[in-house]
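Structural features, examined
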Amino acid sequence: MPVIPAVFAMPTLTKGVKDLRENLLDLREKTERLDVSESRRKELLDGVSNFAGKALDKLQEGETAVYSGAGDTNNNTDSKGIRSSPIQDEPLDLDNILDLYGTHIEGRGLRAGHGGHMAYVPSNGVFPAALGDFLADTLCTYAGRAYESPGGVDMNNMLLEWMAEVFGYPEGFQGNLTSGGSAATVIAMATARDSRKGLRARDFHRVVVYVSELTHHCIRKALHTIGLGEAIVRDIPVDSRWKMDVKALETSVKNDVQQDGLIPFAVVATVGTTDVGSVDPVDAIADVAERHGLWLHVDAAYGGFFALCEETRPLFRGVERSDSIIVDPHKGLNVPYGSGVVLVRNGQKLHLSNTAHKQGSYLYHPRIHSGVNDTQVSPCDLSFELSTHFRGPRMWFPLKLFGVETFRSMLTEKLQLVKYFYHIVEDIPGFEVLQEPELSVVAFRYRNPPCGLDANGFNKRLLEEMIQDGGVYLSSTTLKGTFYLRICVLGFRTHIEHVELCLEILQKSLRKLKGCLKLSNESLVKRL
Ligand SMILES: Cc1ncc(COP(=O)(O)O)c(C=O)c1O
């Protein structure tokens, strides 16, 4: 046990207090190992860095499949997955820990960092983001309040200001770095709710929210979360380009205005629908919102950072007129998962929505309460969160290290890769492509499957066959009852070779599937 002399003038201690001190010295020795020494730090860093580096090398060299069957099991131990080593009292050594991670996490399921990942809305996770997290986490910075970390809050705010500028928001906005687009939507919708004069909980069932057929379901989830689950959500039809039909929106709002008792409340415009990558006509929607006093929310979770690219910039007309915007750095900037953003045009509304209630008295700070002006609004007053991960560095570090121009080129590459894919698939006999991509999503399907098979069923099997190959990972969508395969090219690691591989796998899978069907058809005919 260490001998630690007391640094204060020790009074005569009773036996009980003496024992307590002895006990504390004993516990100190046991817990001290949490404060990792320099040599051990180096050992841990080297071990983790080697492990992650090897996995990353394999991704970069295309040596691993994009997907390893999540249910793959080799033996009884593996069948328990990560649970084969339960959380227990005894420590485990680094090699074993990394082995568990490698086998059960890195080695199973989707490798999201793979260039062949073109499903859903992918992010490959730029490496320096991890170093930003490392800095934030090593020093355990708390950037929820300006007094605790003026620099950290400044960094978060600088990032928000940069994004607000990208979208053309004027001064006076406020925002927050969130865990993702869904959390950002909750904050935006809660602000809309709290900003609506005279709106009471007893009116919620009369509130009407206008979305398009293709609006992301996070809106409905957010409404539910903020107590507006009873609100009427109108699915406004889309036009031939899969954009919200503004005339239909206007008609719908007018009808509701005339209906006694309904409260037309908010409209959601999407810049980059998840299903097909279409962009709603935000400017025209803003006109409707203005005429009828609706809160205009822009969901730019997927498409937002394409505002950086010259060729897609015009699609953002009107976004600056919105009341709130969400965007996901863990999509367009390829920061690892866990990075969303909400911006509210009138920052006071966001502030009020999150401060119009009693604050914990334990948060008293002498400087704040002695009238010293806080020059920055604290993030905890602009969100439902109090303690959060310090999210700024994971975005700031890559942006500083690479510069915005690198991201602009990366996003331009994605736009062009998907165009390239579109033009080639369009020319493959039998395929139908939904429409020329506006952003980086293309939906397509095989139109006339053999043996009179149902097209939806056939395309589902085609998708399965492509995923089985392991070279690329795609997903799908169903539009007005028709099943489509879909690629979304957004990962920074996805380049022309991945798109060409995807085309090869598409044709190979098609041939294989047709071959199987032909065989099973022939054997069926023989049996008859
Ligand atoms: C258009 C759109 N909005 C919102 C979301 C939800 O964002 P998150 O997954 O970050 O919660 C997504 C996710 O893909 C999206 O594509």
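What counts, and at which threshold
Residues numbered from 1 in each chain as written. Predicted model: local features only at pLDDT ≥ 70, side-chain atom pairs only at ≥ 80, totals over all residues. Near = placed C-beta within 6 Å. Nonpolar A, V, L, I, M, F, W, Y, C, P; charged D, E, K, R; others polar. Domains from an automatic or database assignment. Contact = placed C-beta atoms within 7 Å. pLDDT = per-residue confidence, 0-100. Helix = DSSP H or I, 4+ residues; strand = E, 2+ residues; numbered from the N terminus. Axes fitted to C-alpha atoms, helices over the stretch in contact; angles between N-to-C directions. Parallel < 35°, antiparallel > 145°, perpendicular 65-115°, else oblique. Pairing = 2+ DSSP bridges.

Here the focus is the site of the ligand. In the neighbourhood of the ligand, 13 residues make up the surrounding shell, with G180, G181, S182, H216 and A301 lying closest. Taken together, the residues that form the shell around the ligand break down as four nonpolar, seven polar and two charged.

Here we take up the domain arrangement of the protein chain. Parsing the protein chain into structural domains produces domain 1 (39-111), domain 2 (132-403) and domain 3 (405-527). Each of domain 2 and domain 3 has a C-alpha centre, and the two are 33 Å apart. If you look at the interface, domain 2 gives 22 residues, while domain 3 gives 20 residues. For the side of domain 2 that touches domain 3, the per-class residue count stands at ten nonpolar, eight polar and four charged.

With that settled, consider the confidence of the model for the protein chain. With 94% of its residues at a pLDDT of at least 70, the protein chain reaches an overall mean of 93. Of all helices and strands in the protein chain, the one with the weakest mean pLDDT is helix α3 (residues 76-79) (57), whereas strand β7 (residues 295-300) scores best (99).

With their axes 9 Å apart at the nearest point, helix α7 (residues 181-195) and helix α12 (residues 347-355) run at an angle of 90 degrees to one another. Classed by the angle they form, the pair α7 and α12 counts as roughly perpendicular. Contact residues: α7 offers A190, T191, D194 and S195, while α12 offers K349, L350, L352 and S353. Broken down by class, the residue content of the contact of α7 with α12 amounts to three nonpolar, three polar and two charged.

Now for the sheet that holds strand β9 (residues 340-344). Pairing is mixed in the open sheet, where seven strands are placed in the order β3-β9-β8-β7-β6-β4-β5. Only two strands of the sheet have a single neighbouring strand rather than two, namely β3 (174-178) and β5 (232-236). Neighbouring strand axes in the sheet, compared pairwise and without regard to direction, differ in orientation by 20 degrees on average. Two elements, β3 and β9, share five bridges in a ladder whose sense is antiparallel. Each bridged residue has a counterpart across the sheet, and for Q174 the counterpart in β9 is V344. With respect to the sheet, helix α6 (residues 150-167) is in contact with β3, β8 (324-327) and β9, its orientation differing from that of β9 by roughly 70 degrees. Contacts from α7 reach β3, β6 (263-270), β7, β8 and β9, with the element oriented near 20 degrees to β9.

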